[in-house]
Amino acid sequence: MSTRPPLIDLHRHLDGSVRLETILELGRQHAIPLPGATLEELRPHVVITTPQPGLIEFLAKFRWMTGVLADYDACRRVARENVEDAKNEGIRYIELRFSPCFMADAHNLDPSRVTAAVIEGVSEGAAATGVRVNLIGILTRTYGPVRARRELRALLDHRAGITALDLAGDEGNWPAELFIDHFREGRDAGWEITVHAGEAAGASSIVTAIEKLGATRIGHAVRAVEDPGVMDMLRERRIGIEANLTSNVQTSTVPDYPSHPLRQFLEAGLAASINTDDPGISGIDLPHELDVAAPAAGLSEAQIVQALENAWETAFLDPEEKGFLRTAP
Ligand code: ADE
Ligand code: ZN
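Residues numbered from 1 in each chain as written. Chains lettered and ligands numbered in written order. Predicted model: local features only at pLDDT ≥ 70, side-chain atom pairs only at ≥ 80, totals over all residues. Heavy atoms only, no water.

Describing the pattern of salt bridges
Point 1. Under the definition given, this model contains 29 salt bridges.
Point 2. The salt bridge partner of Glu95 is Arg217, with a shortest N-O separation of 2.7 Å. Here Arg217 lies in strand S6 (residues 217–220) and Glu95 lies in strand S2 (residues 91–98), a separation of 122 residues in the sequence. Each of the two residues, Glu95 as well as Arg217, counts as buried.
Point 3. Put simply, Arg132 and Glu321 hold a salt bridge, and the shortest N to O gap is 2.4 Å. Taken together, the residues span a long stretch of sequence, with Arg132 in strand S3 (residues 132–140) and Glu321 in helix H17 (residues 319–327) at a distance of 189 residues. (Salt bridge = Lys/Arg side-chain N within 4 Å of Asp/Glu carboxyl O. Helix = DSSP H or I, 4+ residues; strand = E, 2+ residues; numbered from the N terminus. Buried < 20%, exposed > 50% of the residue type's maximum accessible area, 1.4 Å probe, protein only.)

Here it is, written out as C-alpha cells:
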C-alpha cells in the first residue's frame, strides 16, 4: 500500500468553520442572542446532520457563524482558530477562503477592514502552528455584480495578502457571466482563479468559469459527469477539481456518497482532490473526508493517495516551495 502524502486542503471556507465554543463566547461577549446557551443546545442550529433540500438551505446555516462577527477582533480570532484547527487535523498546507462582505454583513463592518483582520489572524495562526496557509478571496454572487465590485475592492486593498479569487454563493441564480470584468481585474492583480461551478448549475457553468473567468481550478464540478465534452476539457487542460464529498451530500447535489462522481473523475485521470468546504457547518474534518467519506464514495486507498497527490499538484504555490513543503519530513 502506498503511503499518503502530507495532508492538504484546497477548499475550506473559514466563515463556515467557526467553532461552536467560539460562537457561544462571541455571543456572550457582544450580547448577541443565540438559539442555545450550551454546545448541545446550539449544535443542531449550526451543524447539519441530514441532507438539506438544496444549496440555499445549506447556506442559511451560516447565520450563526457570521452573526457573531461583531467586530474585527472576532474576524481575526476566527481566522486564527481556523489555522489551529487545521494543525490539529494534521494538515501541512491549507488554502482558506472567505467572503469579506458575507463576514461584514451582520454587523455592518467594513469589508476592507474585515480582509485586513483575516490576513492578520491567519498570519498569527501560521506563526504559532507552522501550518502554511494561502488565502482565497471570494466574491459572493448572491449580492450581485454591483456589490461584488465593493467586495473586489476590499480584497484589492490587500492584494499581496491574497493568493486567488473565487466566486461562491447562489450559482443557480447568479451566472458567472455577470462577473467577467471582476475576474479580469483579479487576474490583472496577479491572482490565481478558482470558481464554484457545476454544483447548483449544470456542466455549462463549468465551461463558463474556465473560458470566461479564467479558472484553472473548479470548486465541486460535480455535474461535469453530465457532459463528456466537459470531462475532456477538464482532463486536457489539467483543471484542478476541488471535490467536497459530505458538503455535496448535505446540499443534495448528489443523493448519497456512492453516487458521487469523484471516483469517475479519478478513473478518467482528472486532477481531482478531496477537501472539506465548510467543516463547521458539516460537522466533519479532513480526516473524516479521507477515512470515512471517501471510502463511502467507493474510493480505494490508492485513489485517496492519488487525490492527495492531485491536491499538491494543483495547489496555488510556486513550484519550488511546493516541492519543499510536499517532501519536508
Ligand atoms: N459558500 C460556502 N459553501 C458553499 C458552497 N458549497 N457552494 C457555494 N457557496 C458556498
Ligand atoms: Zn465552497
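A look at helix H7 (residues 111–129)
Point 1. Taking 1.5 Å per residue as the helical rise, H7 with its 19 residues ought to reach 27 Å, and the 27 Å between its terminal C-alpha atoms agrees with that figure.
Point 2. Listed in full, the buried residues belonging to H7 are Pro111, Ser112, Val114, Thr115, Ala117, Val118, Ile119, Gly121, Val122, Gly125 and Thr129.
Point 3. Two residues or fewer past H7, Gly130 is found with a positive phi of approximately 85°. (Expected span 1.5 Å × (residues − 1).)

Some details on the site of ligand 1
Point 1. Close contacts around ligand 1 come from His13, Leu55, Leu59, Phe62, Ala168, Gly169, His196, Glu199, His220, Ser247, Asp277 and Asp278, and that covers them all.
Point 2. A distance of 3.0 Å separates a nitrogen atom of ligand 1 from a polar backbone atom of Gly169.
Point 3. A distance of 2.8 Å separates a nitrogen atom of ligand 1 from a polar side-chain atom of Asp277.
Point 4. Summarising the interface, the protein chains cover 96% of the accessible area of ligand 1, which totals 260 Å² for the free molecule. (Near = heavy atom within 4 Å. Polar contact = N/O pair within 3.5 Å; in protein donor to acceptor, adjacent residues only side chain to side chain. Areas by Shrake-Rupley, 256 points an atom, 1.4 Å probe, with all protein chains shown as cover.)

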